[in-house]
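Residues per chain, in single letters:
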Number of protein chains: 2
Amino acid sequence: MPKPTPRNNLIFDLDGTLVDSVYQHVLAWREALDALGIHLSNWKIHRRIGMSDELLLHSFMRDAGRKFSKAETQQLKKSQTESYFRRSSEIQPLPGAKELLHALEEAEVPHAIGTSSNRERAQPSLKMLGITSNATVITGDEIKNAKPNPDLFLACAKKLRVNIEDCVVIGDSTWDLLAAQRARALGVGLLCGGFGEEELNRAGAYRVYADPADLLVHLDELGVRIDVARSSKTSAGIDEKAGRAA
Amino acid sequence: MPKPTPRNNLIFDLDGTLVDSVYQHVLAWREALDALGIHLSNWKIHRRIGMSDELLLHSFMRDAGRKFSKAETQQLKKSQTESYFRRSSEIQPLPGAKELLHALEEAEVPHAIGTSSNRERAQPSLKMLGITSNATVITGDEIKNAKPNPDLFLACAKKLRVNIEDCVVIGDSTWDLLAAQRARALGVGLLCGGFGEEELNRAGAYRVYADPADLLVHLDELGVRIDVARSSKTSAGIDEKAGRAA
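Draft legend 1. The nonpolar core, seen in detail. In terms of nonpolar packing, the biggest core is built from 122 residues, with F12 and L219 of chain A together with F12 and L219 of chain B touching the most fellow members. Sequence-distant contacts of F12 of chain B, defined by excluding residues within four places in its chain, comprise T17, L18, L100, L101, L104, H111, A112, I113, G114, I170 and L215 of chain B.

Spelled out as structure tokens, the structure:
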């Protein structure tokens, strides 16, 4: 029997998990699609955020009932990025995101960020979180297949020099949790991307928390040993009343 | 024993049920709150859309950890409405909404719309759906307590001159379904407002459909007898592939 190993390494999704950007991503896709005369509902776009662009566009084609040309696909990606950037003044870190990352840094808990987004779209969010170039971040353009394929999380574990089986993956979408399962990591869901709690549970979440602030005060449930109460720096911004969603 | 009665009367919610406006409502509240230095996450606002303004603001106060003054409350409502109207060019009817209402009209199925929104904010959506002044519409400002109180749906039934027990209430939010239960109507959920299927089921939905187009082709499951296939006018705009969400 192999001896039990700790799961002390954390891999985070970015949009909807650390940064409150999902709703802007949705409306940016909607705007880009509308410009090409493709009318999809916001909720259908919402439920696909977090997927690789390639799969996302594939699902849009199914909904639209037709294929998009290569030119249309390129136009959609370009328009979405532009529309998203126009909305960027509305985007903020999620409650507790900076405090959580800071606490992990202080406690020397290995952690990484793996996002299906490309580096260009992810950069403002990373900056907003105060993430330096030293941090372990893998973006969709750095691997072959983004989520729900496991590649992103496997690349994060490799860069952290840890086993993926010793990682907890934290994400707001079913695609994060599917990718976590496929990678053999433990999946944890956050509600702050707008998915329902049961959707995340069904997709394999071991636990579901409201947002990064809620996760930070429950890190013990993941076996991560950080004395949150003692760290004055980290407890400052925590909303103690956040709790789990009803 | 009273004899079984038909449930052939339909009462609809508006935002997120017939019109794809929830995501814009969310960001408009977010913008209004931000302007007052109150920073709430989009998902928390999303999960309250459909409530009466009074309860919505009450829940925001809980999240913000402080009371809002009367002046702040008025400012929030005013800013939200302005921000929502600025976003109105992005808003469209949900797939099948117009066709569904037309089919009910043609088949003389009594139906009404009950929305927590006030008349001013609801008017553009009603116009977009082609709803005339003859239609039965009750807005939040016409009754004492909007959803999740049952008043709106009770007022709709009264105006239709039918028993509320003979009505099916169709909505996208848990507040619609709670109000339906409290009114003693049968609740049916739609996914197109962005709530999860299980959230709607838990809140008492007898059935959950994807959107109005999906509901239109499943009206038989509610005991409503309309020959959709034969009505060329109504079947034109229906996405037959919509189906139920996975």
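Draft legend 2. Spotlight on the packing of aromatic side chains. Inspection of the entire model under this criterion finds 5 aromatic pairs over all chains. Ring centres of Y23 of chain A and Y23 of chain B lie 5.5 Å apart, and the angle between their planes is 35°; on these two criteria the pair is classed as tilted. Of the two residues, Y23 of chain A is situated in helix α1 (residues 22–35) and Y23 of chain B in helix α1 (residues 22–35); the pairing between them involves two chains. The class of Y23 of chain A is buried, set by a relative accessible area of 0%. For the pair Y84 of chain A and F85 of chain A, a centre-to-centre distance of 6.1 Å together with 45° between the ring planes defines the contact as tilted. Here Y84 of chain A falls in the buried class, since its relative accessible area comes to 2%. Across the ring face of Y206 of chain A, the terminal group of R207 of chain A is positioned such that the distance to the ring centre comes to 4.9 Å.

Draft legend 3. Examining helix α5 (residues 97–106) of chain B more closely. Residue and element names in this part refer to chain B. Within the span of α5, buried status applies to A97, L100, L101, A103 and L104. Down the axis of α5, the smallest arc covering the buried residues is 160°, so these residues share one side. Facing away from the buried side of α5 by more than 90 degrees, the exposed set consists of E105 and E106. Following α5 by one or two positions, E108 has its phi on the positive side, about 55°.

Draft legend 4. Fine view of the interface of chain B and chain A. Listed by partner, the interface residues are 37 residues for chain B and 37 residues for chain A. Between chain B and chain A, a total of about 2700 Å² is buried, with carbon and sulfur atoms accounting for 45% of that surface. It is Y23, W43 and E198 of chain B in chain B that bury the most area against chain A; as a group they hold 26% of the surface buried on that side. Taken together, the links from chain B to chain A amount to 6 salt bridges. Here E90 of chain B and R87 of chain A are joined by a salt bridge, their closest N and O atoms 2.9 Å apart. On the surface where chain B and chain A come into contact, there are 22 residue pairs in polar contact (both at pLDDT 80 or more). Secondary structure elements with two or more residues in the side of chain B that touches chain A: α1, α2 (42–46), α3 (53–64) and α9 (197–202) of chain B. Broken down by element, the residue count for the side of chain B that touches chain A peaks at 7 residues, all from α1 of chain B. Classifying every residue of the side of chain B that touches chain A gives 13 nonpolar, 9 polar and 15 charged.

Reading the values: rules and limits
Sequence order as written defines residue numbering, which begins from 1 separately in each chain. By the order in which they are written, chains take letters starting at A while ligands take numbers starting at 1. Selection of residues for local features in this predicted model requires a pLDDT of at least 70, selection of side-chain atom pairs for listing and counting requires 80 or more, and totals for whole chains, interfaces and linings are taken over all residues. Side-chain metrics in this entry use all non-hydrogen atoms of the structure; hydrogen atoms and water are not considered. Nonpolar core, defined: a set of buried Ala, Val, Leu, Ile, Met, Phe, Trp, Tyr and Cys residues in which side-chain atoms within 4.5 Å join the residues together. Think of it in three bands: with a 1.4 Å probe and only protein chains considered, a residue is buried below 20% of the maximum accessible area for its type, exposed above 50%, and partly exposed in between. The criterion used for residue contact is that any of the two residues' heavy atoms lie within 4.5 Å. Aromatic rings from Phe, Tyr and Trp, taking only the six-membered ring of Trp, are treated as a pair when their centres fall within 6.5 Å; an angle between ring planes under 30 degrees marks them as stacked, one over 60 as edge-to-face, and anything in between as tilted. By definition, any uninterrupted DSSP run of H or I lasting at least four residues is a helix, any uninterrupted run of E lasting at least two residues is a strand, and each is numbered from the N terminus. Only Lys NZ and Arg CZ are tested; either one counts as a charge over a ring when it is within 6 Å of the ring centre and within 35 degrees of the ring normal. This arc is taken over the directions from the axis of the helix to the C-beta atoms. By buried area we mean how much accessible surface two parts lose on assembly, using a 1.4 Å probe and totalling the loss over both. The salt bridge criterion pairs a side-chain nitrogen of Lys or Arg with a carboxyl oxygen of Asp or Glu, the two atoms within 4 Å. Polar contact is defined as a pair of N or O atoms within 3.5 Å, subject to the rule that within protein one atom must be able to donate a hydrogen and the other to accept it, and that residues adjacent in sequence are counted only when both atoms are side-chain atoms. Nonpolar residues are Ala, Val, Leu, Ile, Met, Phe, Trp, Tyr, Cys and Pro. Charged residues are Asp, Glu, Lys and Arg, and all others, Gly as well, are polar.

Don't take any of this as a statement about function, it's just geometry.
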